[in-house]
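Topology and contacts: notes
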Amino acid sequence: MKNIIFMGTPHYATCILKELIDQKFNILALFTQPDKAVGRKQILTPSHTKAFLLENNINIPIFTPTTLKDESVFNEIFKLNPDFIVVAAYGKILPKNILDIAPCINLHASLLPKYRGASPIQSAILNGDKKSGVCTMLMDVGLDTGNILENIECDIKDKNAVEVFELLAHLAAKLCVSTLKNYNSIVPVIQDENLATYCKKIKKEDGLITLDNAKKIYQKYLAFIPWPGIFLNNGLKFLELELVDELKQYSKEAQILELEKESFLLTCKQGILRIKKIQENGKKILDGRTYLNGKRLKCGDYLY
């Protein structure tokens, strides 16, 4: 049975780790991000993968180095003598001396070379892609530039980021097992650099919207669930919405077009949105109609 060092941090990685354990791979150790202070009370919280092992009393050594560049970390990994190092959304770059210890296989949540980088799932949704997928990649010193081992494609149309993360996590888990079991017979495929695209880490300010294009707002809404969400310059958050029309042109945005039982239709310069749940800064979540009633806004008025 293959001896594996697993490196991963969020829920996506936990799905893969769990599958490897269920399939009886010998997990030598988990490397994950250090505990982080979370929430207003700044409670020190372990990563999802670490919490999974601790809560299920799974006896696998856990390492949380702040960097992989220390000689002591290299020595620890070298001493464990893995057959493979499996990496899934770990959040740290592996230096060359670690990459040289054993084949390092990354579970990347896109069909490389598309969406190399930190936010492949959100980027695919933002761009309105109907298809995405996951691949196993033999890691090298570049950013997601290694040879592709295997991949799986799937449909992501109208799915939000939470749903796509869940879908790709389970596909990645199955794909990881396949790649490890069939590694010696897989012919790696070199990535086509001409097709490469890159995506950046998502920041809070990426959630800011203007009511210019309903379709783009809808894709942002899907991509930024649960964080950072989408919000107007005045801080008003749209927590639940639907795309009603993406083509109609309006001379002015933010007009209330129609009142519904628990929602309302809102114009953009191009297109119409149905606003179902809304929240002002520091206030409770309201359905769209209740919010308008509280502001004494009616059909034909402007939201701002």
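Figured I'd write up the structure that's included with this text. Numbers given for residues are sequential positions, taken from 1 along each chain in its written order. Local features in this predicted model are restricted to residues whose pLDDT is 70 or higher, and side-chain atom pairs enter the listing and the counts only when it is 80 or higher, whereas totals over whole chains, interfaces and linings include all residues. Derived side-chain values reflect all non-hydrogen atoms in the structure, with water molecules and hydrogen atoms excluded from consideration.

Turning to the sheet that holds strand S6 (residues 84-88), a few remarks are in order. Two strands pair under a simple rule: DSSP has to find at least two bridges between them. Secondary structure elements are defined from DSSP: runs of H or I of at least 4 residues count as helices, runs of E of at least 2 residues count as strands, and each element is numbered from the N terminus. If you trace the seven strands from one edge of the open sheet to the other, you get S5-S2-S1-S6-S7-S9-S10, paired in mixed fashion. Looking at strand neighbours, the two that pair on one side only are strand S5 (62-63) and strand S10 (147-155), the edges of this open sheet. Relative to strand S9 (residues 131-138), strand S7 (residues 104-108) runs antiparallel, the two being bridged by four bridges. Looking at S9, one finds that Leu107 is bridged to Thr136. It only takes one pair of heavy atoms within 4.5 Å for two residues to be counted as in contact. Whenever a helix is involved, its axis is fitted only over the stretch in contact; in every case the axis is a line through C-alpha atoms, and angles between N-to-C directions fall within 0 to 180 degrees. Contacts from helix H1 (residues 11-22) reach strand S1 (3-8), strand S2 (26-31), S6, S7 and S9, with the element oriented near 165 degrees to S1. In the packing of helix H3 (residues 71-80) onto the sheet, contacts are made with S1, S2, S5 and S6, and the angle to S2 comes to roughly 170 degrees.

It is worth spelling out the pairing of strand S13 (residues 237-249) at this point. Here two bridges tie strand S12 (residues 230-231) to S13, and the two strands are oriented antiparallel to one another. Note that in S13 the partner of Ile230 across the bridge is Phe238. From the end of S12 to the start of S13, which pair antiparallel, there are five residues, and Gly235 there has a positive phi angle of about 90 degrees.

It is worth spelling out the pattern of salt bridges at this point. When a carboxyl oxygen of Asp or Glu lies within 4 Å of a side-chain nitrogen of Lys or Arg, that pair is called a salt bridge. Across all of its chains, the model carries 17 salt bridges by this definition. For Lys18, the salt bridge identified is with Asp22, shortest N-O distance 3.0 Å. With a gap of four residues between them, Lys18 and Asp22 both fall in helix H1, about one helical turn apart. For Lys18, a relative accessible area of 41% corresponds to the partly exposed category. When its relative accessible area of 42% is taken as the criterion, Asp22 is described as partly exposed. Across the pair Lys276 and Glu240 runs a salt bridge whose closest N-O atoms are separated by 3.5 Å. Of this pair, Lys276 sits in strand S16 (residues 270-279) while Glu240 is found in strand S13, placing the two residues 36 residues apart along the sequence. Categorising residues by exposure relies on relative accessible area from a 1.4 Å probe, with only protein chains included: less than 20% of the type maximum marks a residue as buried, more than 50% marks it as exposed, and the intermediate range marks it as partly exposed.

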